[in-house]
Amino acid sequence: LATGGFVGWRYRHPTVFYPASNAIGTSGRMAIGRVNYIGMTYPLGHPTHPVTLHVDGVSPRVAVNSADASVAFFVCKFGPHSRAGAIGSEYASDIRKDCPILVPASNVDMTVGGGVSDQIVMRIELRRPGTVLVDGMDLHYSVGWQHGWQWVGETARFTALSRPSG
């Protein structure tokens, strides 16, 4: 019975993206008040045909937040003139060059595969001295009749420097 339950759960739940890893993907020092965007989803196996999925919502896995960081998630819709096919890490001043459309990652459709894929990005801003450590995110989504969640994204760790000058 337990094996049948696992097989049924696995068959019913989507796995469109690479799973989260326990390795630090993005880290560094960041000025208080400066906003950074980090790519969190990458399609599993680089599908050649587009797949549309519905994002119900995203929950960050915040392990440490002594920097009082604000964390939010958006779907990046790449435009025809985007410089990149995926976001690694970009400051807010550069994000619109690659993501002309940023939509909150809640109750929204996105397309992956078949060339340039939409991507979920994490917006992070440190608000006081300290450190933030986000260990990926729980992505709640559906693809056709499959509905569930998947732990995805990279681990991001930032330490606040000081308030920006000016």
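Anyway, here's the lowdown on the structure attached to this text.

Rules and cut-offs
- Residues numbered from 1 in each chain as written.
- Predicted model: local features only at pLDDT ≥ 70, side-chain atom pairs only at ≥ 80, totals over all residues.
- Heavy atoms only, no water.
- Salt bridge = Lys/Arg side-chain N within 4 Å of Asp/Glu carboxyl O.
- Helix = DSSP H or I, 4+ residues; strand = E, 2+ residues; numbered from the N terminus.
- Buried < 20%, exposed > 50% of the residue type's maximum accessible area, 1.4 Å probe, protein only.
- Disulfide = S-S within 2.5 Å.
- Pairing = 2+ DSSP bridges.
- Axes fitted to C-alpha atoms, helices over the stretch in contact; angles between N-to-C directions.
- Core = buried A, V, L, I, M, F, W, Y, C linked by side-chain atoms within 4.5 Å.
- Contact = heavy atoms within 4.5 Å.

## Overview of the pattern of salt bridges
As a working rule, side chains carrying opposite charge can pair if their charged atoms are close by.
Then comes step 1: As enumerated under the stated definition, the model contains five salt bridges in all.
Then comes step 2: When the shortest N-O distance is used, the salt bridge between K77 and D118 registers 3.1 Å. Remark: D118 occurs in the loop between strand 7 (108-112) and strand 8 (119-125) and K77 occurs in strand 4 (residues 70-77); sequence separation between them is 41 residues.
Then comes step 3: Of the charged contacts, one joins R123 and E125 as a salt bridge, the two residues approaching to 3.6 Å between their closest N and O atoms.
Then comes step 4: Overall, R123 belongs to the partly exposed group, its relative accessible area being 22%.

## As for the state of the cysteines
Then comes step 1: Taken as a whole, this structure holds one disulfide when the rule is applied.
Then comes step 2: Covalently, C76 is tied to C99 through a disulfide, its sulfur atoms 1.8 Å apart. One quick way to see it: the torsion about the S-S bond of C76 and C99 is about -95 degrees, and its sign makes the bridge left-handed. Linking C76 in strand 4 with C99 in the loop between helix 2 (92-98) and strand 6 (101-104), this pair joins segments that are 23 residues apart in sequence.
Then comes step 3: By relative accessible area, which is 0% here, C99 ends up buried.

## Here we look at the sheet that holds strand 5 (residues 89-91)
Then comes step 1: With antiparallel pairing, five strands are arranged side by side in an open sheet as 5-2-8-4-6. Since the sheet does not close on itself, it has two edges, and those belong to strand 5 and strand 6, each with one partner. Geometrically, the sheet is characterised by an average inter-axis angle of 35 degrees between neighbouring strands, direction not taken into account.

## Description of the nonpolar core
Note on soluble globular proteins: their nonpolar side chains tend to be buried together.
Then comes step 1: Counting residues in each nonpolar core, the largest one holds 31 residues, and the members touching the most others are F17, L53, V55, I120, I124, L126 and L139.
Then comes step 2: Sort the elements by how many residues they give to this core and strand 9 (residues 131-143) lands first, with six residues.
Then comes step 3: For F17, the contacting residues outside a window of four places in its chain are T41, Y42, P43, L44, L53, M110, V112, L139, Y141, Q150 and V152.
Then comes step 4: Ranked by size, the runner-up nonpolar core spans 10 residues in total, among them V35, F74, C76 and V121.

Any functional reading would require information beyond the geometric quantities listed.
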